[in-house]
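Structural description and commentary
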There are 2 protein chains.
Amino acid sequence: MSSVRTVRVTVENGYDVRIGAGVLREAPAHLPGRKIAVISDHAVATLHAGPVVDAFEADGRDVYLFPVPVGERSKDLATFGDLARRLARAGFGRDDGVMALGGGVVGDLAGFVAASYLRGVGLLQAPTSLLAMADAAIGGKTGLNLPEGKNLLGAFWRPRAVLMDVRTLATLPPAQVTEGLAEVLKHGLLNDPELTTAVTEGQLAADADPDQLIRWVAASAAVKADVVARDEHEGGVRAHLNLGHTVAHALEAASAHRLSHGSAVAWGLAYAAILSRRHARNEGRDPVDWSEPVWALLRSRRVPRPDRWAWSELLPFLERDKKVRAGRRRWVLMDAPGRPRVVDDVPPDMERAAWDELRDRMERATDREGATA
Amino acid sequence: MSSVRTVRVTVENGYDVRIGAGVLREAPAHLPGRKIAVISDHAVATLHAGPVVDAFEADGRDVYLFPVPVGERSKDLATFGDLARRLARAGFGRDDGVMALGGGVVGDLAGFVAASYLRGVGLLQAPTSLLAMADAAIGGKTGLNLPEGKNLLGAFWRPRAVLMDVRTLATLPPAQVTEGLAEVLKHGLLNDPELTTAVTEGQLAADADPDQLIRWVAASAAVKADVVARDEHEGGVRAHLNLGHTVAHALEAASAHRLSHGSAVAWGLAYAAILSRRHARNEGRDPVDWSEPVWALLRSRRVPRPDRWAWSELLPFLERDKKVRAGRRRWVLMDAPGRPRVVDDVPPDMERAAWDELRDRMERATDREGATA
């Protein structure tokens, strides 16, 4: 039996992240309520809902399993309204609970249902993808998409707990694992050199030893939990988690989401590394190049490449980013791993030059090694 | 020039309630943002939006006026989604703001838009009906209806400020004033004997002297602000504000909302007075009868009467109430004015007997004075 690790998110009414093999069975201990809604998607529900439903029923609860269609399109207002109406028809009260069992889409959707139904009911987050474990499940962000853009609606809503059952990772296709690795690498670059090494050396794989998976998933969770504890509502340091994401969001949008989030984040990190180096040198500082672990991930996981956009083609998508404040673009840059800061004085020419450098290097990487698609 | 009164809501990040004649013109001082969405309904917008839009424009803001159809039906998910999409298309960012200009429907709807758009933007509440001033505009509750019931979705979202411009009351039809008086009387009964007298003596009328209106609207706001400050998220004493509301919600629902909220609350207060007396006597205490001010309001304002439901016909609507916890019905009762408490040991027979007494008295009041419709 492998161990279970606990990472505490020390906000007001803080909560535990439990990482282990089989921790989904703990669900009833973390979510009160006579009635429990398990919101999942059809694929995850088929694989993982059974033991969860059994555990709640063994604990004497009335369990309702509400699966939604797989994919980002379920994160919309119609599905949200449908779920809320199901809770109402089942007579859910303020003391009943919602469990999110699935990837980021399910976590965001079920989280916003829990945040909004009767102005808020108890929520248990159980991310089943590496991406959701690394990113969305900790920190209380919930959200829906509108036709005008992603995550335009939502709320901050703290879960009672977060259960990361590494057994669910064994059922992920390799490409889905890659999705999460970019976020895990980001956490390593932000605050954990050993985690960076673990990613580049391939220690986080779906078929890895459970204790290894638990160790590194917990390490990633610890970086995120630390940032969230210092700035739950994103007024300050939580912005550091956007490392690589400004360009990533633009790449996703420009590709009409054919480029996945994880792939876009990996390329976004490469861009941020280049822009960080140029920005630091321009100001006469001597930066540490942190691009190598990013290229190692891009190559080893054969991360799909974005189209060869000109910077001017990406600009319209960058300017829609909701992190734009008072018209100035804000970048998260690092002079060295572990030293993120928010910068809003990057000249437009430097932004473009960094992109051109990345595009050029992308090309050469492909030519030389055929590693990217 | 009449005076402006300020009532402070002393929660974390507390806010001011400003009550005066013409205070709508203060709006820009209380709501930051380069872009401002004024959400209103068509009737209120026609009467009151002009000066508000002018004030924001004079302050250099981009103002968008989004009027919705008059009435409760606008408090739905479709209108909510439509408003959020309008904000997105107009490029609203996190630092922009939403102003709710209207009655309770507009306040709840616009409040939930502000709570949810980009996970929350600044909100200014400007209630234009006596009911919204007395009730919904203070305390941060926002909400939407579902086909399954009222206010089933929502959030707690603090406004930056609340502006109560008593000039808007002069444009209300008398029946709309009555709507608000029941809530004001409730506040008097809970914590302000002078306010109770002001209501029963007719000092809160649409054509009253502005200084009188300001005084009593502020007194009502002070009672609500005090309760909210002690229990913002309704874990404890905020439940006292439900005095009269358990039966009121059942009467509204049983009548398919032909009986208005204000009328239902007035009758609900009469019921709570009777149940309070019976419950206290049954436990050997010597209660103070506080029903007279309620009957004075019912008679003087000719409050429409509910149908002669049998208690058994109301029960299904009572049991849907979201204040039911663990299957026990909770009542707010008072042994005397100013002494509310939550009680969950009322025998079903006593509930029914209190209703029969109210129905009987309703009948006699009508026979004797022809005062109710």
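Look up: the structure comes first, before these words.
Residues numbered from 1 in each chain as written. Chains lettered and ligands numbered in written order. Predicted model: local features only at pLDDT ≥ 70, side-chain atom pairs only at ≥ 80, totals over all residues. Heavy atoms only, no water.

Some points on the overall build of chain A
Counting its regular elements, chain A contains 13 helices and 11 strands. Relative to the compact-globule value of 21 Å for 373 residues, chain A shows a C-alpha radius of gyration of 20 Å, a close match. For chain A, the C-alpha atoms occupy an extent of roughly 65 × 45 × 35 Å along the three principal directions. The buried share among the 373 residues of chain A stands at 60%. Considering only residue pairs separated by 6 or more positions, chain A has 75% of its internal contacts joining residues 24 or more positions apart. Per element, the accessible surface of chain A, about 14300 Å² overall, is 48% carbon and sulfur. Separation between the mean location of the 48 positive side-chain charges and that of the 49 negative ones in chain A comes to 3 Å. (Helix = DSSP H or I, 4+ residues; strand = E, 2+ residues; numbered from the N terminus. Rg over C-alpha atoms; globule rule 2.2 N^0.38 Å. Buried < 20%, exposed > 50% of the residue type's maximum accessible area, 1.4 Å probe, protein only. Contact = heavy atoms within 4.5 Å. Areas by Shrake-Rupley, 256 points an atom, 1.4 Å probe, with all protein chains shown as cover. Lys, Arg positive; Asp, Glu negative; His and termini not counted. Charge placed at Lys NZ, Arg CZ, Asp CG, Glu CD.)

Digging into the interface of chain A and chain B
Taken residue by residue, the interface counts 30 residues in chain A and 30 residues in chain B. For the pair chain A and chain B, the summed buried surface comes to about 2900 Å²; carbon and sulfur atoms form 59% of the total. Taken together, chain A and chain B are joined by six salt bridges. With a shortest N-O distance of 3.8 Å, E234(B) and R94(A) are connected by a salt bridge. The interface formed by chain A and chain B holds 10 residue pairs in polar contact (both at pLDDT 80 or more) in total. Secondary structure elements with two or more residues in the side of chain A that touches chain B: α3 (77–89), α4 (104–116), β7 (141–146) and β8 (149–156) of chain A. Among the elements that line the side of chain A that touches chain B, the one with the most residues is α3(A), at seven residues. Looking at the side of chain A that touches chain B residue by residue, the class counts come to 14 nonpolar, five polar and 11 charged. (Buried area = accessible area lost by both parts, 1.4 Å probe. Salt bridge = Lys/Arg side-chain N within 4 Å of Asp/Glu carboxyl O. Polar contact = N/O pair within 3.5 Å; in protein donor to acceptor, adjacent residues only side chain to side chain. Nonpolar A, V, L, I, M, F, W, Y, C, P; charged D, E, K, R; others polar.)

A short note on the nonpolar core
Most often, soluble globular proteins have nonpolar side chains that are buried together. Residue and element names in this part refer to chain B. L204 and W355 are the most contacted members of the largest nonpolar core, which totals 79 residues. Looking at this core element by element, the count peaks at 11 residues for helix α10 (residues 261–282). Setting aside chain neighbours within four positions, we find W355 in contact with V247, L251, Y271, W309, A310, W311, L314 and M362. (Core = buried A, V, L, I, M, F, W, Y, C linked by side-chain atoms within 4.5 Å.)

Considering the packing of helix α6 (residues 174–191) of chain A against helix α8 (residues 210–230) of chain A
Residue and element names in this part refer to chain A. Interaxial distance between α6 and α8 falls to 9 Å at its minimum, and their mutual angle equals 65 degrees. Crossing geometry of α6 relative to α8 is assigned as left-handed. Contacts from V184, H187 and N191 in α6 reach S220, V223, K224 and D226 in α8. In terms of residue class, the contact of α6 with α8 is made up of two nonpolar, three polar and two charged. (Axes fitted to C-alpha atoms, helices over the stretch in contact; angles between N-to-C directions. Left-handed = near helix turned anticlockwise from the far one by under 90°.)

Regarding the environment of Q125(A)
Residue and element names in this part refer to chain A. Tracing the sequence through the fold places Q125 in strand β6 (residues 122–127). C-alpha of Q125 to C-alpha of D289: the two residues are 164 residues apart in sequence and 36 Å apart in space. When residues no more than four places from it in sequence are discounted, the contact partners of Q125 are A100, G107, G111, A137, P159, A161, V162 and L163. Reaching out from Q125, the side chain makes a polar contact with the backbone oxygen of G107 at a distance of 3.3 Å.

So, the pairing of β6(A)
Regular strands show a simple pattern: their side chains alternate between the two faces of the sheet. All names here are of chain A. Burial analysis of β6 places six of its six residues in the buried class, which makes it a mostly covered element. The alternating pattern of β6 places G122, L124 and A126 on one face and L123, Q125 and P127 on the opposite face, and all of these are buried. Bridge analysis of strand β5 (residues 97–102) against β6 gives six bridges, and the strand direction is parallel. Within β6, the position partnered with V98 by the bridge is L123. After leaving β5, the chain enters α4 and then returns to the sheet as β6, a path that is right-handed. (Pairing = 2+ DSSP bridges. Right-handed = clockwise from strand over helix to strand, strands pointing away.)

Here's the deal with the pattern of salt bridges
Going through the model one piece at a time under the given rule, you end up with 56 salt bridges over all chains. A single salt-bridge network, built from bridges that share partners, covers E72(A), K75(A), D108(A), K150(A) and E252(A).

Remarks on the relation of the copies chain A and chain B
Placing chain A over chain B gives an RMSD of 0.0 Å and needs a rotation angle of 180 degrees, together with 0.0 Å of translation along the axis. Taken together, the turn and the small shift mark the pair as related by a two-fold rotation axis. Ranked by how close their C-alpha atoms come to the rotation axis, the residues of chain A are headed by L77(A), at 4.0 Å. When the interface residues of chain A are mapped onto chain B, 100% of them are again interface residues, pointing to one common binding face. (Least-squares fit on C-alpha atoms with pLDDT ≥ 70 in both.)

A short note on the side chain of S40(A)
Residue and element names in this part refer to chain A. As for its placement among the helices and strands, S40 is situated in strand β3 (residues 35–41). Among the polar contacts listed, one links the side chain of S40 to the backbone oxygen of L101, at a separation of 2.7 Å. In contact with S40, other than residues within four places in its own chain, are A45, F66, P67, V68, L101 and V106.

A short note on the sheet that holds strand β3 (residues 35–41) of chain B
Each strand in a sheet pairs with another by means of backbone hydrogen bonds, the pair being arranged parallel or else antiparallel. Residues and elements named next belong to chain B. The seven strands are arranged β1-β2-β9-β6-β5-β3-β4 in an open sheet whose pairing can be described as mixed. Each edge of the sheet is formed by a strand with only one pairing partner; in this case those strands are β1 (5–9) and β4 (62–68). The average undirected angle you get between the axes of adjacent strands in this sheet is 20 degrees. Contacting β3, β4 and β5 (97–102), helix α3 (residues 77–89) crosses the sheet at an angle of about 165 degrees to β4. Sitting on the sheet, helix α8 (residues 210–230) is in contact with β1, β2 (15–20) and β9 (161–165), with an inclination near 10 degrees to β1.

Quick look at the packing of aromatic side chains
Counted by the stated rule, this structure contains 17 aromatic pairs over all chains. Ring geometry for F112(A) versus F112(B): centroids 6.4 Å apart, planes at 0 degrees, classification stacked. Here F112(B) lies in helix α4 (residues 104–116) and F112(A) lies in helix α4, a pairing that spans two chains. Relative to W355(B), the ring of Y271(B) has its centre 6.3 Å away and its plane inclined at 50 degrees; by these criteria the two rings are tilted. In this pair, Y271(B) is assigned in helix α10 and W355(B) in helix α13 (residues 348–369), connecting sequence segments 84 residues apart. Through a chain of ring-to-ring contacts, the aromatic side chains of F80(A), F112(A), F80(B) and F112(B) assemble into a single cluster. (Phe/Tyr/Trp six-rings, centres within 6.5 Å; stacked < 30°, edge-to-face > 60°.)

Overview of the sheet that holds strand β2 (residues 15–20) of chain A
Residue and element names in this part refer to chain A. What the seven strands build is an open sheet, ordered β1-β2-β9-β6-β5-β3-β4; its pairing is mixed. Here the strands that pair on one side only, and so sit at the sheet edges, are β1 (5–9) and β4 (62–68). For this sheet, the mean inter-axis angle between neighbouring strands, taken without regard to orientation, is 20 degrees. Strand direction decides the pairing type here: β3 and β4, joined by seven bridges, are parallel. Each bridged residue has a counterpart across the sheet, and for S40 the counterpart in β4 is P67. Of the strands in this sheet, β3, β4, β5 and β6 touch α4, which is tilted by about 170 degrees from β5.

A short note on the side chain of H187(A)
Tracing the backbone shows H187(A) in helix α6. Those residues in contact with H187(A) that sit more than four places away from it in its chain are A134(A), D192(A), L195(A), S220(A), V223(A), K224(A) and L241(A).

Comments concerning helix α12 (residues 311–319) of chain A
Of the residues making up α12(A), those classed as buried are W311(A), L314(A) and L318(A). One face of α12(A) carries all of its buried residues, which in axial projection span an arc of 60 degrees. (Arc of directions from axis to C-beta.)

A closer look at the packing of α3(A) against α4(A)
Residue and element names in this part refer to chain A. Put simply, α3 and α4 touch, their axes get as near as 10 Å, and they point 50 degrees apart. The pairing of α3 with α4 is recorded here as oblique in orientation. Between α3 and α4 lies a crossing whose hand is right-handed. Residues T79, F80, L83 and L87 of α3 form the contact with α4, whose participating residues are L109, F112, V113 and S116. Of the residues that constitute the contact of α3 with α4, the class distribution is six nonpolar, two polar and no charged. (Parallel < 35°, antiparallel > 145°, perpendicular 65-115°, else oblique.)

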